[in-house]
Every structure is written in structure tokens, then in C-alpha cells.
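Here is what each chain is made of, one letter per residue.
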Amino acid sequence: MGSKAVPLWGRFLGQAIERVEDAALLTGRGRFGDDLPVRTDTLHAAFLRSPHAHAELGAIEVSGALAMKGVEAVVTGDYAKAHTKPFIAGVKQPMEHYCIAVDRVRYVGEPVAIVVAQDRYVAEDALEKIHVTYQPLSAVVDPEKSITPEAPVLHEAVGSNLVSDRTFVYGAPDEAFLNSDQQIGVTVRYPRNSCTPIECFVVVAEYDPAMGGYDVLANFQGPFTLHSVMALALGVPANRLRLRTPPDSGGSFGVKQAVFPYVVAMALASRLVCRPVKWVEDRLEHLLAANAATGRVTRIEAAVNNEGEVTAFDIDQLEDCGAYLRAPEPASLYRMHGNLTGAYKLRHVRVRNRVALTNTVPSGLNRGFGGPQLYFAIERLMDRIAARLHIDPIELRRRNLVLAEQFPYRCPTGALLDSGDYRRSVDLAVTDGKWQELLCRRNQARAEGRLYGIGCAAVVESSMSNMGYITTVLNAEERARAGPKNGALTIVTVALDPLGSVSVTIDSLPQGQGHRTAISQVMAEVFGIFPEEVTVESGFDSAVAGWSIAAGSYSSRFGPAVAGTAYLAATRLRDRLARLASQHLNVDMEELEFADGKICARDNPANSVPFRRIAGSSHWSPGTLPEGLEPVVRETATWTPPELTSPDSSDRINGAAAYGFIFDFCGIEIDKATHRVRIDHYVTMHDAGRTINPALLDGQIRGAFAHGIGAALLEKFRYDEDGQFLSGTFADYLVPTACEVPDPIILHTESPSPFTPLGTKGAGEGQSMSTPVCIANAVADALGVDDIELPLTPDRVAALMGDDEPPFRATEGK
């Protein structure tokens, strides 16, 4: 077990140096949102949440709460409606979503009132003194039922729970199906789940009546398109909403995007009391009402010839976005739209995308963000095709993969796959991952009467999202009226202080991935210094740092975007420093080398000067700079890939700047008595372009692998027919522990991206896309069944095996 390292490509780049973040984290010196000091007059908030999934709001009696000692105020929907605006969304529908409920509640856990008190204890106690009159309404939690005529409508002004319905045609799918030898399809359902970061939401908001603005500290992760959403909801210009983030964050995996309604809620509460207000979410609140990934029902059919060549897809996707279409939704449905064909070279696609609302928690970013849902359908279909045609499942995939000579490859739906050699990656995985040995292991297990199965999956992982992809939900005329949306602007500043030290400000809002480590490696490589000499600012302040709507930590943008832009800024600054050093050393700029903390003549290393001396010189003696050279003290680089254009008139969209490739296979065994699925052998091959730090890369793969196992075997948000939430604790919503996560064999190939400054691609999410379906395919193989639904818990496996329930097994002894 373990990892096969990628090739080295620099003195520091490509090296598995230790994380600079870990010393503080491992000694309890991290600076998380709840650790940071607040003003002594800061008040604390607690939310009253709806016990009903769907109900009209009547009177809200707050006098009992206000009479309690220490309670300063109670915020209700009336105040929210008077002083804020509904959140904007990606689909123009007459639905109103405020930071707390107004007139009606639409899911269990929706905020109804906010108590602001001297401390959290008083605020929590005061919640019991608020009396709300509810008029319960019928609820619907199943997306297929929600779009039927008899379903209760969540937003009466919309008139339906189906808030978006678009059909797209690329190529000639009708002709492809007509000329195919076979048409093979599946219908799959992907459940709603969440990534459950160890740290929940934290918000501290302060209203400034003199400026009419807000200063907010929150463990927000981006994207900063949501800054505009928050500012518009508060009715202030963007420069009147100062948003700061703590230096450290206890994970996010997409989820902390959903803190934004609470930023508005705390800002609103601070406006009412004219004092800072702090709120720390607890775990029960987080599971109940933070967010969840979308659920999706997919019917997908392929046109196939008898040799296994897939020529067309016909896809119908129904997305469950919960009670509100909360920004940036329906992005989950459209993030992968440009590469609906995955890793395969078919040229014809028809797809219908529908978005439904249900009486469940609103959806939002979760690791993979649309990828697990799409690839569960595609890769289940590929296994069905292989079984129908009696072709080995890996061989079937090899026959359909995009070929190395086709890159850059334009997918029929618009994605521009940048680089790769998919077949070579698969072949190396088969060899180095011991595929033949795994087949023998399965044969032996079955000969002994054990339930053993093998599965595989091929996935394309998109990274650095095009900020215009969500507009594909609009038709061409609607997009023209709204104006073009495209690109993904990244901003990084590299600064030199008077003593020649290097400091970097990034716009990525790290959530534990090791961004400071990777940026220090980039700086060390460019300037010829050592990583420990570099300081990277991980906290963020919108009033100080440069940022754009693409800022944040999401869609695996760090490697291709932030590290790449940091490289551009550093090389520009290095070239200016070289001009200074050239004058000092009397050597042409082209003959200089930056290494070991010095700048020297390449052919005469003794002719050198310390890097710090040249780096700090513009502060001390700007009057001696060469003519035409501005002081060399900082460089701010901005970069957006030119390949990220708006959707064209035919609705083709390149949704990302870079595309990695993943090929997984695994062996699983099912215990006949307990119906538990055990992962026996797991191999994953990754092509993430150039690798900055192999240890960081493998860490991302392992983390996403754990999330993928959770989705495959354990995790699902469960609601009863009345919309009551049944997964509100970690006793009910099971997540994998170290005992359930085996050590995978991680393999690597490299195909540098021609479209990113360092040739890097993102790699933070792909394993959460490939692992669930890979395990599902293995379970289907073990049981010889066609229909698989996640999570594959023991009771569900028992049902697939035809057992009513797992047998009771008494323990021996006392």
C-alpha cells in the first residue's frame, strides 16, 4: 500500500516538503474563528428554528424572551423584510428567500427568529420563551413527487416546484441512436449527503451606522460571487461590506459557502442592537440546516455498436435543490455540463436538465459539486454496457477513452480537455495496481463461496471553474439581456520588505489544504531562497486584499489558478530584481542565477550578492535605481485563462480551465452474515498535471477518498414523508472513521496542462467523484444485480441479497 511518487521537476517544486501550517495546528496554536478576540461589548446570538417542514407563519410572540435578563433583542422576519432584500439566484423565478423565514417556513430547521443576548446561554434559554403560531401544510421530500400536479407547492408565486427545465442537443443524437446496434440505459438515484467539516460556521458582525456598512468576520470559503449576493441582500455597495476570514479553518469541503445567509442574519442583528453580534453554529444546527449536496435522479441511455463503441448519450437529470434555489445553485447541475461525456470520445448528446424544490435543507457546495452525481450515472451505465456485450469493463472503457493525440480535445458539449493520455494511465494502473492478481483473488473467493466483487471507474476532474458556466441554465436570449459572464480572475500579490523578506497575499481562503506550504515552494523556486523564509497570509480581508468574484477555495482552483498566478507575480518581480542585480554585479540579466539565497553570475558563482540585499534595496535607496525602473517592492498579478469564454449560441460551455484524469478499480467483499461491505483492495491512478507537492496531493486524494467511502457506504440525509429530519446527529448520520477507510494504492502520471502557468491541474475533489461509483460497481458485481442505490448500508445490501434484515447474532459471555 502507499503512493508511487510523481517525477521531480525542481529544487522545491515537486518536493514533498513538510507543511508549514502543521506546527501551529498540532500544538493547539491554530487561529480559528471562535479563537479570535472580539470586542468586550459583543453580544451572542441563537436561532429559533422551525419544527415543521412546511407551514404558514402566524404570530410570533417574543415578549417573554425580551423580558429575560440579558436579552437585548429578538429579530423576526418582519425586521428582515424591512431591512434586507431576498437573495438573488441563478434562475429568475418569483421566489423570495430571506436570511430568516418571512410568512412561511419550507424546511425543518429554517431560521424563524434570532435572540441576541449577553451570552449564548441566555440566548438559548430565551428561545424557549418565544411562541410561534404555525399553520402546518403538506410537505414533499421526493423530487419526482414534487413535480407532480398534486404536490404541495413551496412557492406559490412560482406556481410549481419545477423551477427550471431546459433541453440541450449537441451533434445528431437521433441519428446516432437510429444507426446504433443497441440502446442500453440505466436509471440511478444519487442521495443527498454532506461533507461535515469538523468546525461549524462562525460569524461575528458589526454594523457601522456612520458609514452605513458592515464589518464581518466569518469562516467563509467563497466563491466571492456570494459577496455580491450578501451586499445586495443588505442593500449596501460592495465596499460597505467588509468581509474578513480567520487564518485557519477547520475544513469546509464546499460546505462553508453556505455560511452566507448567516452573515446577512448577523449583520441584520447587529444593525438592530448597534453592537457586534457573534454566532457559533453547533453540530445539531449544522446537520439540520447548513446545506447538503443535491440529490439527483438520472436516466441515461447510450447508443452502442456491437464492438462496444458508444456514439451517443441521451440524459435526463432531475436535481433536488431543497426548499430554496440558493446561490450559486443550480450550479451543481451545470458545473459538469461542458463534459457530460466524461472521459469518452462520443460526439452526440441530448440532455434534459430539470431543477425541483422539496421541503428539505437547501443545497450548496459539497466536495465534488455535481461530479459524484454525474459519474455515478455514467459509470454505472458503462458497467451495464460491458455486461450486456460481454466485454471486460476495463476494456470497454479503453475503447471509448479520448485518445492522447486528440488533446486538447473539444467535447461536444463544450469542455476543452487540456491534456492527458488516458489509455496509458489505465494501462499503468492495471499493471502497477495488480489487476490480474485481483481477478485471481475474486475467483478464489468465489470458489470458497464468498461474496467478492470488482469495480472500476474512469473520471475527468474539472478544476478552476469558469464563472460563466452557471449562465448555461439561461437560454441565449436571456444571457444576452443579462450580459456576458466568463473567466475566473485570480489576484496574488508578492511583496518585498526592507530586510528583503518575501510575503505573499493570496485570494484562495485556505481551509486546511496546505496552501501556505505550496506557495512558499513556488516562491522558493523562483527566488532561489528557502520555503521557510517565505510568509504567506492565509487570512483574508476584502478591504485590504485584491479580490474578484472568483476568489475563494472551491472547484480545486488553487493549483491551476492561485499557485499559477503566484508564479507569474514572482517571476515578474524576479526579473525586475535581476535588473538591479545586473547593475550591482556588472553581469547581463540573462546570465544571472537565483539560488541558495544569493543572486550570482551563472558562470562565476563567486560573483554574487545576497538575495535579501537586492530585494530590500528599493526601500533604502530608491534614488539609485536604473533609469526607467520603478521601485521593486511588490508585484500584483492578475490572471484568467482565455479559454474560459461565455456559453456560445449553441449552449456549449468550457466549464473549467483544467481537467485531470482518474482511473480507479477496487475489490470488495460482503459478509453474508452482517451484510457489511469491506474494501479489500483499492487502486487509484491520478493525472493532475504538474505536482507542486506530492504529499499535499496525496493528502487531498486520501481526504476525498474518505468522503467517497462515506457516500458509498454510510451517508444519506434522511427525511420522513412529513419532512422531519432523521439524520440530526452523528449517531444517525454515520461518517467514516479511520477504521472504515483503508489505505489505497495511489499511482500517478503527469500530463502538464498547456493552459495554466505551472502546468498544474486541481486534484481536491476527483476521488469523491470516482470512489462512490467504483464501490457500487464492485457491489453490483459481487451480488450480480443491476440496480444499485447509495449508500450501501447493511440493510440495503441485505435487501439486494433478498434477506429481510441482518440476522441477530448474540454475543458470547456477559
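What counts, and where the lines are drawn
Residues numbered from 1 in each chain as written. Predicted model: local features only at pLDDT ≥ 70, side-chain atom pairs only at ≥ 80, totals over all residues. Heavy atoms only, no water. Axes fitted to C-alpha atoms, helices over the stretch in contact; angles between N-to-C directions. Helix = DSSP H or I, 4+ residues; strand = E, 2+ residues; numbered from the N terminus. Parallel < 35°, antiparallel > 145°, perpendicular 65-115°, else oblique. Left-handed = near helix turned anticlockwise from the far one by under 90°. Contact = heavy atoms within 4.5 Å. Nonpolar A, V, L, I, M, F, W, Y, C, P; charged D, E, K, R; others polar. Domains from an automatic or database assignment. Buried area = accessible area lost by both parts, 1.4 Å probe. Pairing = 2+ DSSP bridges. Salt bridge = Lys/Arg side-chain N within 4 Å of Asp/Glu carboxyl O. Buried < 20%, exposed > 50% of the residue type's maximum accessible area, 1.4 Å probe, protein only. Disulfide = S-S within 2.5 Å.

Next up on the list: the packing of helix α19 (residues 694–713) against helix α20 (residues 766–783). Taken N-terminus to C-terminus, the directions of α19 and α20 make an angle of 40°; their axes are 7 Å apart at the nearest point. In terms of orientation, α19 and α20 fall into the oblique class. Helix-helix and strand crossings are classified by hand; for α19 and α20 the assignment is right-handed. Only Gln 767, Ser 768, Thr 771, Pro 772 and Ile 775 of α20 make contact with α19, whose side of the interface consists of Ile 701, Ala 704, Phe 705, His 707, Gly 708, Ile 709, Ala 711, Ala 712 and Leu 713. Tallied by class, residues from the contact of α19 with α20 come to nine nonpolar, five polar and no charged.

Here the chain is described as being made up of domain 1 (22–30 + 489–639) and domain 2 (430–461 + 658–801). For domain 1 versus domain 2, the distance between C-alpha centres works out to 39 Å. Contacts between the two partners involve 15 residues from domain 1, matched on the other side by 15 residues from domain 2. Of the roughly 1100 Å² buried between domain 1 and domain 2 on both sides combined, carbon and sulfur atoms contribute 66%.

Spatially, the three strands line up as an open sheet ordered β24-β25-β26, and their pairing is antiparallel. Edge positions in the sheet fall to β24 (592–595) and β26 (604–610), since each has one partner strand and no second. Put simply, the sheet's adjacent strands are angled 30° from each other on average, direction ignored. Where helix α18 (residues 611–620) meets the sheet, it contacts β24, β25 (598–601) and β26, and its direction lies at approximately 45° from that of β26.

This part takes up the pattern of salt bridges. The tally for this structure, following the rule as stated, stands at 47 salt bridges. Note that Arg 384 is salt-bridged to Asp 786, the shortest N-O span being 3.9 Å. One end of the pair, Arg 384, is in helix α11 (residues 371–389); the other, Asp 786, is in the loop between α20 and α21 (794–801), with 402 residues separating them in the sequence. Looking at Arg 384, the relative accessible area reads 17%, which means it is buried. Close ionic contact of Arg 574 with Asp 575 constitutes a salt bridge, the shortest N to O distance being 3.7 Å.

The residue after Ala 327, namely Pro 328, is reached through a cis peptide bond having omega 5°. Relative to the elements of secondary structure, Pro 328 occurs in the loop between β15 (310–320) and α10 (331–334). Residue Glu 329 is joined to Pro 330 through a cis peptide bond whose omega torsion reads 10°. If you trace the backbone, Pro 330 turns up in the loop between β15 and α10. Even without glycine at this site, Asp 103 takes up a positive phi of about 75°.

By definition, a disulfide links the sulfur atoms of two cysteine residues through a covalent bond. Applying the stated criterion to the full structure yields zero disulfides. In this structure Cys 200 is not part of a disulfide, and its nearest cysteine sulfur, from Cys 195, lies 13 Å away. For Cys 200, a relative accessible area of 9% puts it in the buried group. This cysteine, Cys 666, is not joined by any disulfide, and Cys 774 carries the nearest cysteine sulfur, 3.6 Å off.

Attention now moves to the pairing of strand β6 (residues 111–117). Counting buried residues along β6, seven of its seven residues qualify, which places the element largely inside the surrounding structure. Bridge count between strand β2 (residues 43–49) and β6: six bridges; the pairing is antiparallel. Opposite Ala 46, over in β6, you have Val 115 as the bridge partner. Here strand β4 (residues 71–76) runs beside β6; their pairing, made up of five bridges, is antiparallel. Residue Ala 73 lies in a different strand from β6, and its bridge partner there is Val 116.

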